[in-house]
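Chain and residue survey
Chain residues, written in single-letter form:
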Amino acid sequence: MPSRLKDNLNSRYFEAANALTSKTARHRIVAYVESYDDIYFWRTVLSEFENDKRYFEVMLPSKMNLTRGKKSVLMNFLEGEPLGRDMIACVDADYDYLIQGRTHQSQRVLNSPYVFHTYVYAIENYQCYAPSLHNVCVSVTLNDHRIFDFREYFQQFSEAIFPLFVWSVMVYRNGAYPHFSITDFNRVADPGGFNVQNPLPSINKLKHKVRTKVNELQRLFPDAKDEYLATKDDLRALGVTPQTTYLYIQGHHLFDTVVTPILSKVCNILRQERQNEIYYATAHKTQKRNEMSCYENSLQDIKSMLKKNTGYMSSEQFRRLQDDIRNYLDKSL
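Read on for an overview of the structure. Computed from a predicted structure; not experimentally measured.

Brief notes about the sheet that holds strand S3 (residues 87-91)
Sheets are built from strands that pair by backbone hydrogen bonding, the pairs being arranged parallel or antiparallel. What the four strands build is an open sheet, ordered S2-S1-S3-S4; its pairing is parallel. Only two strands of the sheet have a single partner each, and these edge strands are strand S2 (54-59) and strand S4 (115-117). In this sheet, neighbouring strand axes are inclined to one another by 30 degrees on average, regardless of whether the strands run parallel or antiparallel. Looking at chain direction, S3 and S4 are connected through three bridges and run parallel. Looking at S4, one finds that Ala 89 is bridged to Val 115. Against the sheet, helix H2 (residues 36-47) contacts strand S1 (27-32), S2, S3 and S4, and its axis sits at roughly 170 degrees relative to S2.

Details of the nonpolar core
Of all hydrophobic cores here, the largest spans 88 residues; its most connected members are Trp 42, Leu 98, Phe 154, Phe 157 and Phe 165. Broken down by element, the residue count for this core peaks at 14 residues, all from helix H7 (residues 150-174).

Details of the pairing of S3
Here S3 lies mainly inside the structure; five of its five residues are buried. Burial along S3 is two-sided: Met 87, Ala 89 and Val 91 facing one way and Ile 88 and Cys 90 facing the other are all buried. The pairing of S1 with S3 spans three bridges and is classified as parallel. Note that in S3 the partner of Val 30 across the bridge is Met 87. What joins S3 to S4 is helix H4 (residues 104-111), and the crossover it makes is right-handed.

Some details on the environment of Pro 199
By the secondary structure assignment, Pro 199 is in the loop between helix H8 (182-188) and helix H9 (200-220). Accessibility expressed as a relative area gives 22% for Pro 199, which makes it partly exposed. Residues Pro 199 and Ile 262, spaced 63 residues apart in sequence, show a C-alpha to C-alpha distance of 9.9 Å. Apart from residues lying up to four places away in sequence, Pro 199 is in contact with Phe 148, Tyr 153 and Phe 194.

Topic: unusual backbone geometry
With a phi close to 50 degrees, Gln 100 is a non-glycine residue in the positive phi region. With respect to the helices and strands, Gln 100 occurs in the loop between S3 and H4. The residue Leu 142 is not glycine, and still its phi comes out positive at about 60 degrees. Mapped onto the elements of the fold, Leu 142 is located in the loop between helix H6 (133-141) and H7. The class of Leu 142 is partly exposed, set by a relative accessible area of 40%.

Some remarks on the side chain of Gln 322
Take Gln 322: it is sitting in helix H14 (residues 316-332). Excluding residues within four positions of it along the chain, Gln 322 makes contact with Glu 48 and Phe 49.

Quick look at the side chain of Ser 158
You can see Ser 158 is positioned in helix H7. Given the relative accessible area of 0%, Ser 158 is considered buried. Once you skip the residues sitting within four places of it in the chain, Ser 158 turns out to touch Pro 242, Gln 243, Thr 244, Thr 245 and Tyr 246.

What counts and what doesn't
- Residues numbered from 1 in each chain as written.
- Predicted model: local features only at pLDDT ≥ 70, side-chain atom pairs only at ≥ 80, totals over all residues.
- Heavy atoms only, no water.
- Pairing = 2+ DSSP bridges.
- Helix = DSSP H or I, 4+ residues; strand = E, 2+ residues; numbered from the N terminus.
- Axes fitted to C-alpha atoms, helices over the stretch in contact; angles between N-to-C directions.
- Contact = heavy atoms within 4.5 Å.
- Core = buried A, V, L, I, M, F, W, Y, C linked by side-chain atoms within 4.5 Å.
- Buried < 20%, exposed > 50% of the residue type's maximum accessible area, 1.4 Å probe, protein only.
- Right-handed = clockwise from strand over helix to strand, strands pointing away.

Structure, rendered in structure tokens:
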């Protein structure tokens, strides 16, 4: 079946289904997302907008062939006519937001009234929102002792990688990304040997790697200064600042290579601190053993807690996403 006809049928199907329901029944809006993890995130986003007149059903793009991913959502439901008021797509922004329509996919994501994107690179960037990471440590270790300043660290991390990040976006805008891919950027944007008590050396090492790569790119593209400065100004206008760059780098890299290892080291210290309190407490051995068992049975996995983290709701980027959905509902329903 041609994709254009398929899209119209999908949209009309949900409109017809809503038309057949009782006038007192709630209106159903289907929201297609990229992966299983996205279901929980977008359910959290959309729940706020449900009421006695409407509700959302969040699902993957296909139950027949198990296809997933952004391309599956966009190819299956954006070719031809727009999705329609009863069927929306919810996707990661990736670089499609930052390159501002330089590709066909970016145009689809930015211009369709029925497509909503994260503004930050992906849902993982929200889950790693720095002001919320202490609470993640508390949920993992059940220890509320603040031993590390996540806000300050990720501000310094962002400032260190910002000059190279501008290069990354610029080459994706002008099509020169084979010379400097996102994978190449990620290799540089790795804090490496991070130390909780003294994180500055990892930042300084990161700055050195960034300077080295920037110098290499300047030699490779000697006439790119004006384009670089224009890209930097444009990124600032889009909300990317030197202090928040970490929100716009590849989400899986941030989650797996940067944040999780840091949280693991912080949580290990907090966990050991709590265990020492129990061990040295004035109590008999049986009580200590029972207390230690109770504590250890209550500990949580870092990645699981990160995926359930909703502390990003106070971020400016998340509020922009909420505003987009609110405007769509005001105009469509």
